[in-house]
Protein chains: 2
Amino acid sequence: MRRPTMTDVAREVGVTAKTVSRVLNDDGPVAIETRERVMAAVRKLGYQPNLMARNMRVGARDAAIGLVIPEMGNPFFGTVAGGIESAVRARGLTLIVGSSSETADLEQSLIATFLARRVSALIVVPSATGDHRYLRSERVAGLPIVFLDRPAVGLTADSVVSGNRSGAQAGIAHLIGYGHRRIGFIGDLPATLYTRRERLQGYRDALEEAGLPFDRALVETGHDQEAARAATLRLLALENPPTALFAANNFASMGAVVALARAGRRDVALVGFDDLPLAEVLDPPLTVVAQDPAAIGEVAAELVLSRLDGDRSRARRALVPTRLIVRGSGELSP
Amino acid sequence: MRRPTMTDVAREVGVTAKTVSRVLNDDGPVAIETRERVMAAVRKLGYQPNLMARNMRVGARDAAIGLVIPEMGNPFFGTVAGGIESAVRARGLTLIVGSSSETADLEQSLIATFLARRVSALIVVPSATGDHRYLRSERVAGLPIVFLDRPAVGLTADSVVSGNRSGAQAGIAHLIGYGHRRIGFIGDLPATLYTRRERLQGYRDALEEAGLPFDRALVETGHDQEAARAATLRLLALENPPTALFAANNFASMGAVVALARAGRRDVALVGFDDLPLAEVLDPPLTVVAQDPAAIGEVAAELVLSRLDGDRSRARRALVPTRLIVRGSGELSP
DNA sequence: TTGTAGGCGTTATCAA
DNA sequence: TTGATAACGCCTACAA
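In this text, all values refer to a predicted model and were calculated from it rather than measured experimentally.

## Notes on the interface of chain B and chain A
Across the contact, 52 residues belong to chain B and 52 residues belong to chain A. For the pair chain B and chain A, the two sides together bury roughly 4600 Å², of which 59% comes from carbon and sulfur. Run the count over chain B and chain A and you get 6 salt bridges. In this structure, Arg262 of chain B engages Glu280 of chain A in a salt bridge whose closest nitrogen and oxygen atoms are separated by 2.7 Å. For the side of chain B that touches chain A, the secondary structure elements donating two or more residues are helix H4 (51–58), strand S1 (62–69), helix H5 (75–89), strand S2 (94–99), helix H6 (104–116), helix H7 (136–140) and helix H11 (250–263) of chain B.

## So, the packing of aromatic side chains
Residue and element names in this part refer to chain A. Summed over the entire model, instances satisfying the criterion amount to 8 aromatic pairs over all chains. Aromatic pair Tyr203 and Phe214: ring centres 6.2 Å apart, planes at 80°, arrangement edge-to-face. With Tyr203 in helix H9 (residues 194–209) and Phe214 in the loop between H9 and strand S7 (219–221), the pair connects residues that are 11 residues apart, well separated along the chain. Taking relative accessible area as the criterion, Tyr203 reaches 1% and is therefore assigned buried. Residue Phe214 is classed as partly exposed on the basis of its relative accessible area, which comes to 26%. Counting every residue linked through ring pairs, the aromatic cluster contains Phe185, Tyr203, Phe214 and Phe246. In this structure, Arg204 is placed above the aromatic ring of Phe214, and the distance from its NZ or CZ to the ring centre is 3.8 Å.

## Regarding the side chain of Glu331 of chain A
All names here are of chain A. The residue Glu331 is located in the segment after strand S12 (323–325) in this model. No salt bridge forms around the buried Glu331; measuring N to O, its nearest opposite-charge neighbour Arg327 is 9.1 Å away. Polar side-chain contacts of Glu331 include one of 2.5 Å to the side chain of His174. Polar contacts involving the side chain of Glu331 include one to the main-chain amide nitrogen of Gly328, which spans 2.7 Å. Among all residues touching Glu331, those that are not within four sequence positions of it are His174, Tyr178, Thr287 and Val326.

## Here's the deal with the protein's contact with DNA strand C
Near DNA strand C lie 24 residues; those nearest to it are Met6 and Tyr47 of chain A together with Thr19, Thr34 and Arg57 of chain B. Counting only atoms of DNA strand C within 4 Å of the protein, the sugar-phosphate share comes to 57%. At 3.2 Å from a base oxygen of DNA strand C is found a side-chain nitrogen or oxygen belonging to Arg57 of chain A. Thr34 of chain B places a side-chain nitrogen or oxygen 2.5 Å from a phosphate oxygen of DNA strand C. Counting residues per element, the ones that place at least two in the surface near DNA strand C are helix H1 (6–13), helix H2 (17–25) and helix H4 (51–58) of chain A together with helix H2 (17–25) and H4 of chain B.

Parameters and conventions
Residues numbered from 1 in each chain as written. Chains lettered and ligands numbered in written order. Predicted model: local features only at pLDDT ≥ 70, side-chain atom pairs only at ≥ 80, totals over all residues. Heavy atoms only, no water. Contact = heavy atoms within 4.5 Å. Buried area = accessible area lost by both parts, 1.4 Å probe. Salt bridge = Lys/Arg side-chain N within 4 Å of Asp/Glu carboxyl O. Helix = DSSP H or I, 4+ residues; strand = E, 2+ residues; numbered from the N terminus. Phe/Tyr/Trp six-rings, centres within 6.5 Å; stacked < 30°, edge-to-face > 60°. Buried < 20%, exposed > 50% of the residue type's maximum accessible area, 1.4 Å probe, protein only. Lys NZ or Arg CZ within 6 Å of the ring centre and 35° of its normal. Lys, Arg positive; Asp, Glu negative; His and termini not counted. Polar contact = N/O pair within 3.5 Å; in protein donor to acceptor, adjacent residues only side chain to side chain. Near = heavy atom within 4 Å.

Here is the structure:
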């Protein structure tokens, strides 16, 4: 019932394990006839090489990369993971994943497990509250680490992020172009989150460029769909309410859409950050600043692979551009 | 620059590797003072146990389970994967994933990689065209294999699927209850796909129960959103068109929603299989037969764990119930 | 309470 | 062209 090993195959053929190894890895000279007999025995016994043993012997590195994302069910991170997986598989690497639920503890324990497995590289979407100083020794030891969507805290390392600031700026400028002068901003929690800060900065950039004042009362927070809905209502109830809204992530977008729909407010313009599958079916269809999650994953994978190939240049921050998709909700005039 | 090993720690303390091992695994008696000195050395050297070596020695099995899904960006499968990961991690197992893009070749090569890594179990969403006879020897050898969303072909094995037939029947019965007698069905490709067959059977069950005739002209196919949109238009253009539609998966739902919205047809009732994030914002809000992807993942994980615990009973098929969510689109009368 | 010998399945090294 | 031996890092079995 035991699974056959290389030694079993060798015995079957009447050679040594090393010869079988040579055949299977195309390593060193083997007589053609020997090769054929080995292959025949491999088939006969149903032998499958043991990658664990191989990895351990060869590199002391597992031919796998570890990926930590906040939530696998989120299509944004799922798509990112898919982009990574296909890019990395082409190089014979396997993907090991874990979800952190956006908590620093889980993130750290997942990373510890991955390190214990001796993964070849680490790709991490850092949780909002984490600190990554503890990874310094790994960096020094040469382990490739790439941070996704948000940069690391307390650690100089590669990162791949969306063009948050320029994307938000483009979205706001779009609204300003349609005549809006008071634009509500609905962002994530906590307010210190990198993406929130960057997008808010893009918002301010656009205002400044257009010579419009920044009004703190127009900046609201909604960390999930329900909270974003409430935030939208608060904005609309202001004494001097906004004529347009900018939803800084997809939960915020959904909340704003629901709030506007239920209130029957078809006069309020809306631009969302991050695309939604049904955006074009909404009434009005939702104009968005779309991210490119697949590209983010691929860029991260390429960065990791180049590091594995020996690229020792200093840490990079790759910006993946966003794209404004005009559909209707962002083109309503005040 | 080398990573410290158990032997390094042992040398630092002046004991044997075995003693360090005992401390780290809480295995066997160790003097309190020795334990403390070992722990101190572990911290000082930054020692991390090598899981590869441990797995190899202990079980000849990797403490990981392999998961093959069609597409990581699909929130349904992403959520399933999340459910599996959290359930399995609680047992110290890691999740290795790969996406098959719904092709049998990729699926098989991923499974081969996982087997080579000696994963402890396999969870697979089988691609539509595959055949799983080749896994028989693994089954016989005692490897737990659970199929998700669709059963295996050519292999007796555990599976976890949604209540496709009863769910579809409930959705159709709901429409019939509102007076519809001609109901269009928009399903996936290929028509032989398990979920498609089951849901269509539920459709027929409901018709039969209500004494309504089955009209093949009302059964259409749309394998993605665009195709489903076209299929919807074909149904509406029939000489004797349906007054209600049943979209048998979420792409079909989206296609149908788009088609109806663009045609301005608010008179056609619609029930979708599988929920959508924005369903309640649509006009009219979308009534659906919701699946429970997180539960599917958890049930699969539990099944795997019970097999790992030695449950040798015959293969089971677990049915995860669906739930009808009434929102408006399914309650329009003809 | 601790140590020694041996082996998991593979590959590196050197010799034949 | 092939083999013998040792080693990767850890744990099991047994002995001290």
